Amino acid sequence: MCWTVRPAAGRRPAPPDAALRPPVTPVPPSPVSSPYTEAEIRRRLDACPKLASLESSNLALRSLLNAEQSANSQIAEVIRRDPSLSARLLRMVNSVYFGLSARINNIEEAVFFLGLRRIRELSMATPVIEELEKLQPARIPGKMWKDLWAHSVGSAILCREIISTAPVTVDDDTDYLVGLLHNIGKIVMASAFPDEIMSVANTPLHGPEQICALERELIGWDHAQIGAYFLERHQIAEEIVFAVRYHHDPGHAPCHHYFAAAVQVADILARFAGIPGGFEQVEPVSENSWKELAGWRILYGENGALDGNLPPTLKRLPAVLKGLL
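J.: How would you summarise the overall build of the protein if you had to cite specific residues and measurements?
T.: In terms of helices and strands, the protein carries 15 helices and four strands. A fraction of 74% describes how many contacts in the protein between residues 6 or more apart in sequence connect residues 24 or more apart. Total accessible area on the protein stands at roughly 14,400 Å², and carbon and sulfur atoms take up 51% of it.

J.: Residue-level account of the pattern of salt bridges, with values.
T.: Throughout the structure, instances matching the rule amount to 11 salt bridges. The partner of Arg 233 in a salt bridge is Asp 46, and the shortest N-O contact between them spans 3.4 Å. Of this pair, Arg 233 sits in helix α11 (residues 223–233) while Asp 46 sits in helix α1 (residues 38–47); the two residues are 187 residues apart in sequence, bridging distant segments of the chain. Of the residues examined, Asp 46 reaches a relative accessible area of 37% and is grouped as partly exposed. Between Arg 271 and Glu 280 there is a salt bridge, with the nearest N and O atoms lying 3.8 Å from each other. Exposure remark for Arg 271: the relative accessible area of 6% places this residue in the buried category. Taking the relative accessible area as the measure of exposure, Glu 280 reaches 12% and is therefore buried. Where salt bridges share partners, they join Lys 186, Asp 267, Arg 271 and Glu 280 into one cluster.

J.: Help me get a handle on unusual backbone geometry, residues and values and all.
T.: Of note in the backbone geometry, Gln 235 takes a positive phi value of approximately 60° without being a glycine. Following the sequence through the fold, Gln 235 ends up in the loop between α11 and α12 (238–245). Positive phi values are uncommon outside glycine, yet His 256 reaches one of about 60°. As for its placement among the helices and strands, His 256 is situated in the loop between α12 and α13 (257–272). Judged by relative accessible area, which is 15%, His 256 ranks as buried.

J.: Before we move on, can you summarise α13 with the specific residues and values?
T.: Taking 1.5 Å per residue as the helical rise, α13 with its 16 residues ought to reach 22 Å, and the 23 Å between its terminal C-alpha atoms agrees with that figure. Just downstream of α13 lies Gly 274, where phi reads positive at about 90°.

J.: Provide a residue-level description of the packing of helix α5 (residues 107–132) against helix α7 (residues 174–181), including the pertinent values.
T.: It is at 11 Å that the axes of α5 and α7 come closest, and there the two elements cross at 30°. With respect to their mutual orientation, α5 and α7 come out roughly parallel. Two packed elements cross with a definite hand, and for α5 against α7 that hand is right-handed. Side by side, α5 and α7 meet where Glu 121, Met 124, Ala 125 and Val 128 of the first sit next to Tyr 176, Leu 177, Leu 180 and Leu 181 of the second. Of the residues assigned to the contact of α5 with α7, the class counts are seven nonpolar, no polar and one charged.

J.: Kindly report on the side chain of Asp 173, identifying the contributing residues and their values.
T.: Its place among the elements puts Asp 173 in the loop between β2 (169–170) and α7. On the basis of relative accessibility, which here comes to 11%, the residue Asp 173 falls in the buried class. A polar atom in the side chain of Asp 173 sits 2.8 Å from the side chain of Arg 160. Setting aside anything within four residues of it in sequence, one finds Asp 173 in contact with Arg 120, Met 124 and Arg 160.

J.: Outline α11, supporting the account with residue identities and numerical values.
T.: Within α11, eight of the 11 residues are buried, leaving the element largely enclosed by the surrounding structure. Inspection of α11 places His 223, Ala 224, Ile 226, Gly 227, Ala 228, Tyr 229, Phe 230 and Leu 231 among the buried residues, and these make up the whole buried set. In the core, the buried residues of α11 are packed alongside α1, α7, α8 (184–192), α10 (208–218) and α12. Phi turns positive one or two residues past the end of α11, at Gln 235, with a value near 60°.

J.: Could you give an account of the packing of helix α4 (residues 83–93) against α5, naming the residues involved and the relevant values?
T.: The interhelical angle for the contact between α4 and α5, taken along N-to-C directions, is 130°, at an axis separation of 8 Å. With respect to their mutual orientation, α4 and α5 come out oblique. Helix-helix and strand crossings are classified by hand; for α4 and α5 the assignment is right-handed. Seen from α4, the contacting residues are Ser 84, Leu 85, Ser 86, Arg 88, Leu 89, Leu 90, Met 92 and Val 93; seen from α5, they are Ile 107, Ala 110, Val 111, Phe 113, Leu 114, Arg 118, Ile 119, Leu 122, Ser 123, Thr 126, Ile 129 and Glu 130. The residue makeup of the contact of α4 with α5, split by class, is 13 nonpolar, four polar and three charged.

Cut-offs and rules
- Residues numbered from 1 in each chain as written.
- Predicted model: local features only at pLDDT ≥ 70, side-chain atom pairs only at ≥ 80, totals over all residues.
- Heavy atoms only, no water.
- Helix = DSSP H or I, 4+ residues; strand = E, 2+ residues; numbered from the N terminus.
- Contact = heavy atoms within 4.5 Å.
- Areas by Shrake-Rupley, 256 points an atom, 1.4 Å probe, with all protein chains shown as cover.
- Salt bridge = Lys/Arg side-chain N within 4 Å of Asp/Glu carboxyl O.
- Buried < 20%, exposed > 50% of the residue type's maximum accessible area, 1.4 Å probe, protein only.
- Expected span 1.5 Å × (residues − 1).
- Axes fitted to C-alpha atoms, helices over the stretch in contact; angles between N-to-C directions.
- Parallel < 35°, antiparallel > 145°, perpendicular 65-115°, else oblique.
- Left-handed = near helix turned anticlockwise from the far one by under 90°.
- Nonpolar A, V, L, I, M, F, W, Y, C, P; charged D, E, K, R; others polar.
- Polar contact = N/O pair within 3.5 Å; in protein donor to acceptor, adjacent residues only side chain to side chain.

Quick look at the structure:
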């Protein structure tokens, strides 16, 4: 993986505008039995199916999107071969975010309006979401899953914006994938430990630290550790695995801490924009609370402020996700 460090650009304060949800009163978790042994945790996680979408992607589409000169008609032709990707593409371009006066039903026109960057993100997110849905237990309500997908894609979009303003430059899609996959441990947990994740979902909590603490109490591992283990089984790049493992504690990441920091900040910004994590009842995020995060200090220092495209991205994010999902 290639990246270079560059000086951080100047930043100006521009806090996003989002309505806060009613407060949730935290309650202490109920007493639980001892967590599972390490061997039992690994056995259950190893029993989860491996997912092809995490190890490969549409190579034909990727080569076109990476080429310096690719006709929209060529890209559209490849997209038409994937009904799910085509449907998401049309939903997204016709969402309120784009404000088009007439509905678009032509893939080539949609490619023109969305641009290569959004098409590239869609091509990554669509197969991952569809395959991960195979792990979805029937007992978990569909809305929880939809909220989780929205939060994952929203975090991916924000991660890309955050890393573009931080002192690190990435020449591939790692900045998007770390956000998209950061909560994959919750999805795997829902398959391997359905009772425990429902217990977490039914317990009002303060925030990520309490969520992870309760997961460790119930299982022995939290969703960050579970997600990193699952991605390692798929031989995913080290920087993505470390970002997932340390996205709630980027200060302790042995390397690739910029990616872990970006995920931590993106996660809380997505919640501030009204995009919940999907599986938990947590208190609403207050404005500027992200400045207290270790990830914020890693990326921006003590006195940094939201910069670049982040404030407008936050404002339009719910509409973008409505069109996508």
